[in-house]
Amino acid sequence: MVDRTIQVGADFYRCQYMSLPRIITHWHQANAVVEVTQPMGRVLEIGPGSGHTTWLLRNWGMTVTTLDFDPSIRPDIVGDITEIPCTSKSFDCVLAAEVLEHIPFSEFEKAIAELRRICRGHVIITLPAPFVGISALLNIAGLNLKSIFLGLPFWAHHKYDGQHYWELGKRGYSAWRVRRIIRRQGFQILRDFRPAPSRYCRFFVLA
């Protein structure tokens with residue numbers, strides 16, 4: 001198993017980390033899984049964090065197994081995303097939300113290959129992708145919340161802050177480069193979007 005330093009302790013998720021935009025992002029994570037997975041589907045959630053997405057998925061009828069390399073999170077499986085201790089094609093959907101930036105970018109492709117190995121359906125990953133711009137929400141009765149945003153990538157050098165080794169859109173980590181690696185591992189990118197109202201992260205739905 002890969003030996004990693006714990007970057008985010010379990011207590012971190014019980015404090016001010018859980019802002020309203022983050023809670024809404026958990027809904028988007030669970031909804032993205034449900035959209036591509038049949039009821040009672042087997043889901044592997046890597047990096048469950050606060051457990052909000054896990055709770056949603058289980059309440060929506062999914063069979064969820066959690067994985068994290070930090071045992072204090074109390075995952076179902078203790079393991080690393082680059083060496084997942086599961087058999088091939090054992091899950092209908094794999095979710096890795098706000099996880100891959102916590103490993104060096106040199107290990108990104110190895111992790112993507114592992115996600116493809118263990119999944120027989122879809123993979124959903126989310127990555128931090130800071131940008132500079134404005135976002136607006138349109139709320140119309142009877143319709144789902146609509147939103148628009150105008151922005152530019154935060155084109156700056158990334159400095160390791162004790163948690164994120166890299167972030168999407170910063171110098172050297174373009175979306176084009178990430179997409180190329182994903183496709184090289186045999187994935188098709190079905191959707192690529194930023195959920196509202198939190199525009200900080202970017203979702204990739206893969207098949």
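Residues numbered from 1 in each chain as written. Predicted model: local features only at pLDDT ≥ 70, side-chain atom pairs only at ≥ 80, totals over all residues. Heavy atoms only, no water.

1. Remarks on the overall build of the chain
Helix and strand content of the chain: four helices and nine strands. In the chain, the succession of α and β elements from N to C terminus is α-β-α-β-β-β-α-β-β-β-α-β-β. For the chain, with 207 residues in total, the buried portion stands at 48%. As displayed, the chain has an accessible area near 10,800 Å², and 55% of this comes from carbon and sulfur atoms. (Helix = DSSP H or I, 4+ residues; strand = E, 2+ residues; numbered from the N terminus. Buried < 20%, exposed > 50% of the residue type's maximum accessible area, 1.4 Å probe, protein only. Areas by Shrake-Rupley, 256 points an atom, 1.4 Å probe, with all protein chains shown as cover.)

2. Focus: the nonpolar core
In this structure, Ile 46, Leu 100 and Ile 182 are the most contacted members of the largest nonpolar core, which totals 34 residues. With five residues, the single largest contributor to this core is helix 3 (residues 108-118). The contact partners of Leu 100, leaving out residues within four places of it in the chain, are Ile 81, Phe 108, Ala 111, Ile 112, Ile 125, Leu 127 and Trp 166. Core analysis: the next-biggest nonpolar cluster, separate from the first, contains 16 residues, Ala 30, Ala 32, Val 43 and Phe 193 among them. (Core = buried A, V, L, I, M, F, W, Y, C linked by side-chain atoms within 4.5 Å. Contact = heavy atoms within 4.5 Å.)

3. Things to note about helix 3
Of all the positions in helix 3, only Phe 108, Ala 111, Ile 112, Glu 114, Leu 115 and Ile 118 are classed as buried. All buried residues of helix 3 project into a common sector of 160 degrees when viewed along the axis, lining one side. In this fold, the buried residues of helix 3 make contact with strand 1 (42-46), strand 4 (91-97), strand 5 (119-128) and helix 4 (175-184). (Arc of directions from axis to C-beta.)

4. Concerning the packing of helix 1 (residues 20-36) against helix 2 (residues 52-59)
Helix-helix packing is characterised by the crossing angle of the two axes and by the distance between the axes. Orientation of helix 1 relative to helix 2, taken along the N-to-C sense of each, is 40 degrees, at an axis distance of 9 Å. Here helix 1 lies oblique to helix 2, going by the angle between them. In this structure, helix 1 crosses over helix 2, and the sense of that crossing is right-handed. Where helix 1 approaches helix 2, its residues His 26, Trp 27, Gln 29, Ala 30, Val 33 and Val 34 are matched on the opposing element by His 52, Thr 53, Leu 56 and Leu 57. For the contact of helix 1 with helix 2, the per-class residue count stands at six nonpolar, four polar and no charged. (Axes fitted to C-alpha atoms, helices over the stretch in contact; angles between N-to-C directions. Parallel < 35°, antiparallel > 145°, perpendicular 65-115°, else oblique. Left-handed = near helix turned anticlockwise from the far one by under 90°. Nonpolar A, V, L, I, M, F, W, Y, C, P; charged D, E, K, R; others polar.)

5. A word on the side chain of Glu 114
Looking at where Glu 114 falls in the secondary structure, it is placed in helix 3. Here Glu 114 falls in the buried class, since its relative accessible area comes to 13%. With residues up to four places along the chain from it excluded, the contact list for Glu 114 reads Ile 81, Thr 82, Glu 83 and Ile 84.

6. Quick word on helix 4
An α-helical turn contains 3.6 residues, so any two residues separated by three or four positions project in the same direction. Those residues of helix 4 lying buried are Ala 175, Val 178, Ile 181 and Ile 182. Angularly, the buried residues of helix 4 cover 130 degrees about the axis, an arc narrow enough to put them on a single face. Looking at the buried side of helix 4, the elements it contacts are helix 3, strand 5, strand 8 (189-193) and strand 9 (201-206).

7. Examining the pattern of salt bridges
Two side chains of opposite charge can pair, provided their charged atoms sit close to one another. Following the criterion strictly, the structure yields nine salt bridges and no others. With its nearest N and O atoms 2.7 Å apart, the salt bridge here joins Arg 184 to Glu 109. Residue Arg 184 is found in helix 4, and its partner Glu 109 is found in helix 3; the two are separated by 75 residues along the sequence. In this structure Glu 109 comes out as partly exposed when scored by relative accessible area, which is 22%. (Salt bridge = Lys/Arg side-chain N within 4 Å of Asp/Glu carboxyl O.)

8. What about the sheet that holds strand 4?
With respect to topology, seven strands assemble into an open sheet ordered 3-2-1-4-5-9-8, the strand pairing being mixed. Looking at the sheet topology across the chains shown, the edges are occupied by strand 3 (77-78) and strand 8. Looking at chain direction, strand 8 and strand 9 are connected through four bridges and run antiparallel. Looking across to strand 9, one finds that Asp 192 is bridged to Phe 204. Together, strand 1, strand 4, strand 5, strand 8 and strand 9 form the strand contacts of helix 1, whose direction differs from that of strand 9 by roughly 10 degrees. Across the face of the sheet, helix 2 comes into contact with strand 1, strand 2 (63-68) and strand 4 while running at roughly 160 degrees to strand 2. (Pairing = 2+ DSSP bridges.)

9. Here's the deal with the packing of aromatic side chains
Each aromatic ring pair is described using two quantities: the centre-to-centre distance and the angle formed by the ring planes. For the coordinates displayed, the defined rule picks out seven aromatic pairs. Both rings, one in Phe 105 and one in Phe 108, keep their centres 5.4 Å apart while their planes meet at 5 degrees; by these two values the pair is stacked. Both residues of the pair, Phe 105 and Phe 108, belong to the buried class. Through a chain of ring-to-ring contacts, the aromatic side chains of Phe 105, Phe 108, Trp 166 and Tyr 173 assemble into a single cluster. Of note, Arg 42 hangs over the ring of Phe 91, and the distance from its end group to the ring centre comes to 4.7 Å. Positioned above the aromatic ring of Phe 193 is the side chain of Arg 191, whose terminal nitrogen or guanidinium carbon lies 4.0 Å from the ring centre. (Phe/Tyr/Trp six-rings, centres within 6.5 Å; stacked < 30°, edge-to-face > 60°. Lys NZ or Arg CZ within 6 Å of the ring centre and 35° of its normal.)

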